[in-house]
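Examination of the molecular architecture
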Amino acid sequence: MRVLAPSRRRGTKRRWPAYALAAAAVTTTAVTGARAVDPNSAWYETLSKPPWQPPSWAFGAVWTPLYGSIAFAAGHAANRAGGGERRRLVGALAANLALNASWSWLFFAARSPRAGLAGTALLTLSTLGVLRVTVRVDRTAAAALIPYAAWCAFATTLNADIVRRNGGCR
């Protein structure tokens, strides 16, 4: 008879709420941001974009697994963090997800690539901050966030080039 097996199962069951909350937060972020995006709008079509910009369909293809990795990393790290570390982690992730959703509203809904650039630059810095907090708690979760940080940096570069090509665009 193994005493550890039942204990391990109970511990595993208690881990799921962190993953469920992380998935719910990330899903809310994705839906909130997506509501503002219209890559087929006349306004967006008139913007000059760099030739290295991926096609519109690629953004959904990239964001879907990135959101999955964010949810995994958040749940994984939250289960390993305790006390103050957990509060710092949750606070950093909440701020990051708010910035993530706001970019679409700044760029598309407000029709302001310049505001979008400010938003995506803040998102990239926030993502690096989340990585910094996460790596102290859980290296596996931090590694899962590296593609997200890279994509945010790419998005900032792309947004900056759109602003440059369009004379600053308010």
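For the structure, check the block above.
Residues numbered from 1 in each chain as written. Predicted model: local features only at pLDDT ≥ 70, side-chain atom pairs only at ≥ 80, totals over all residues. Heavy atoms only, no water.

Our focus in this paragraph is the overall build of the protein chain. On a plain count of helices and strands, the protein chain comes out with six helices and zero strands. Ordered by position from N to C terminus, the α and β elements of the protein chain give α-α-α-α-α-α. Its C-alpha atoms give the protein chain principal-axis dimensions of about 70 × 25 × 25 Å. Looking at the protein chain as a whole, 41% of its 170 residues are labelled buried. The contacts of the protein chain with a sequence gap of at least 6 include a subset with a gap of at least 24, amounting to 81%. (Helix = DSSP H or I, 4+ residues; strand = E, 2+ residues; numbered from the N terminus. Buried < 20%, exposed > 50% of the residue type's maximum accessible area, 1.4 Å probe, protein only. Contact = heavy atoms within 4.5 Å.)

Across the interface, helix H4 (residues 83–109) lies against helix H6 (residues 139–165) with an axial gap of 14 Å and an inter-helix angle of 25°. Of the possible angle classes, the one that applies to H4 and H6 is roughly parallel. The chirality of how H4 crosses H6 is left-handed. Where H4 approaches H6, its residues Asn96, Asn100, Trp103 and Phe107 are matched on the opposing element by Tyr148, Asn159 and Ile162. Of the residues assigned to the contact of H4 with H6, the class counts are four nonpolar, three polar and no charged. (Axes fitted to C-alpha atoms, helices over the stretch in contact; angles between N-to-C directions. Parallel < 35°, antiparallel > 145°, perpendicular 65-115°, else oblique. Left-handed = near helix turned anticlockwise from the far one by under 90°. Nonpolar A, V, L, I, M, F, W, Y, C, P; charged D, E, K, R; others polar.)

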